[in-house]
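Chain residues, written in single-letter form:
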Amino acid sequence: MSEVETALIILSKDYDQIFNVIDGLISNKGYITKNNGIQIIHDTYFDTKDEILKKNEIALRIRDINEQISKITLKILQNTTENYSKRIEIEDIYSKEMLDQIILKINSHINLNVLKSPLKYHHIDPKLNLIKLGFKIIQNKQTHRKIVNAINKSSNQTEFEFVFDTTTYIFNNNNITIIELEIESKLSKNEAILNDFVRELKLNQTLFKYWPYNKLLTGKVIEILLSNSELKENKDYDDKRILTLSGLEKIELFIKIRNA
């Protein structure tokens, strides 16, 4: 399936104001706001030893939710627009069958010779299985997630999901946190409305910073800047190690220079 989503970094610490802004945005488009609970998520990202997935803008992830459910996820970038990205996404409860399906999908896009032979499973632990298949762990992060849905009044169907993520990147106890809003369109026909949401939020520059970079890339750049001592305490992140606008601008500049 395709995933259509966008992300903005939340700059304000006044979270009541943030939720009021989002509630107003949803209501103004004729939707009903519905809180859909809180999740505690741990994400572990994998790549090959030569990082071929990264080079092809493919993300492979094991997600543990509330310490009860493990999901395996594959995301392959299709294209980006001014306000959102489209990705191929495969995600389901982890199983050997799902792992087989994901490996086949990866091999349909790139040539992973190491995975050509029949898969052999050594353990029920999904992370260990990926390591045994030749992958390596490239990132760990913990997320406190609050979900708000935009419900169509007529059909009672969820058409947009607003996700508030407090995400902590884990780098050998040298952690950094970002607070992010993701908006996902559940129906492809609603891309114009998604554009409207993003345009309006972009105007609130004291509350939000548009962030077209995925979490995996963001975390990798944070790791590089930390290792180079380029992120400064009390300037680029606060006393709770939450990134400030200054830190975000350093990350964005690094990405733009690298992609120039």
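A brief structural summary. (Residues numbered from 1 in each chain as written. Predicted model: local features only at pLDDT ≥ 70, side-chain atom pairs only at ≥ 80, totals over all residues. Heavy atoms only, no water.)

### Thoughts on the packing of aromatic side chains
Part 1 of the argument: Summed over all chains, the structure comprises 6 aromatic pairs.
Part 2 of the argument: With a centroid separation of 5.7 Å and an interplanar angle of 80°, the aromatic rings of Tyr31 and Phe160 are classed as edge-to-face. Pair noted here: Tyr31 is in strand 2 (residues 31-48) and Phe160 is in strand 7 (residues 158-169), with a separation of 129 residues, a long-range link.
Part 3 of the argument: The exposure class assigned to Phe160 is buried, which follows from its relative accessible area of 0%.
Part 4 of the argument: Where Tyr169 meets Phe171, the ring centres are 6.2 Å apart and the plane angle is 5°; that geometry is what we call stacked.
Part 5 of the argument: Judged by relative accessible area, which is 0%, Tyr169 ranks as buried. (Phe/Tyr/Trp six-rings, centres within 6.5 Å; stacked < 30°, edge-to-face > 60°. Helix = DSSP H or I, 4+ residues; strand = E, 2+ residues; numbered from the N terminus. Buried < 20%, exposed > 50% of the residue type's maximum accessible area, 1.4 Å probe, protein only.)

### Remarks on unusual backbone geometry
Part 1 of the argument: Residue Ser229 is not a glycine yet carries a positive backbone phi of 55°.
Part 2 of the argument: Mapped onto the elements, Ser229 comes out in the loop between helix 6 (215-227) and helix 7 (245-259).
Part 3 of the argument: Not every positive phi belongs to a glycine, and Asn234 is a case in point at roughly 65°.
Part 4 of the argument: Of note, Asn234 is situated in the loop between helix 6 and helix 7.
Part 5 of the argument: The class for Asn234 is exposed, based on a relative accessible area of 61%.

### Overview of the pairing of strand 1 (residues 2-10)
Part 1 of the argument: Counting buried positions along strand 1 gives 8 out of 9 residues, so the element sits mostly inside the fold.
Part 2 of the argument: Note: strand 1 against strand 5 (residues 85-93), 4 bridges, orientation antiparallel. Residue pairing in the sheet places Ser2 in a bridge with Ile88 of strand 5.
Part 3 of the argument: Pairing analysis gives 6 bridges linking strand 1 to strand 8 (residues 176-185), with the strands arranged antiparallel. Bridging across to strand 8, Val4 finds its partner in Ser185.
Part 4 of the argument: With 3 bridges connecting them, strand 1 and strand 9 (residues 208-210) associate as antiparallel partners. Across the sheet, the residue bridging to Leu8 is Tyr210, located in strand 9. (Pairing = 2+ DSSP bridges.)

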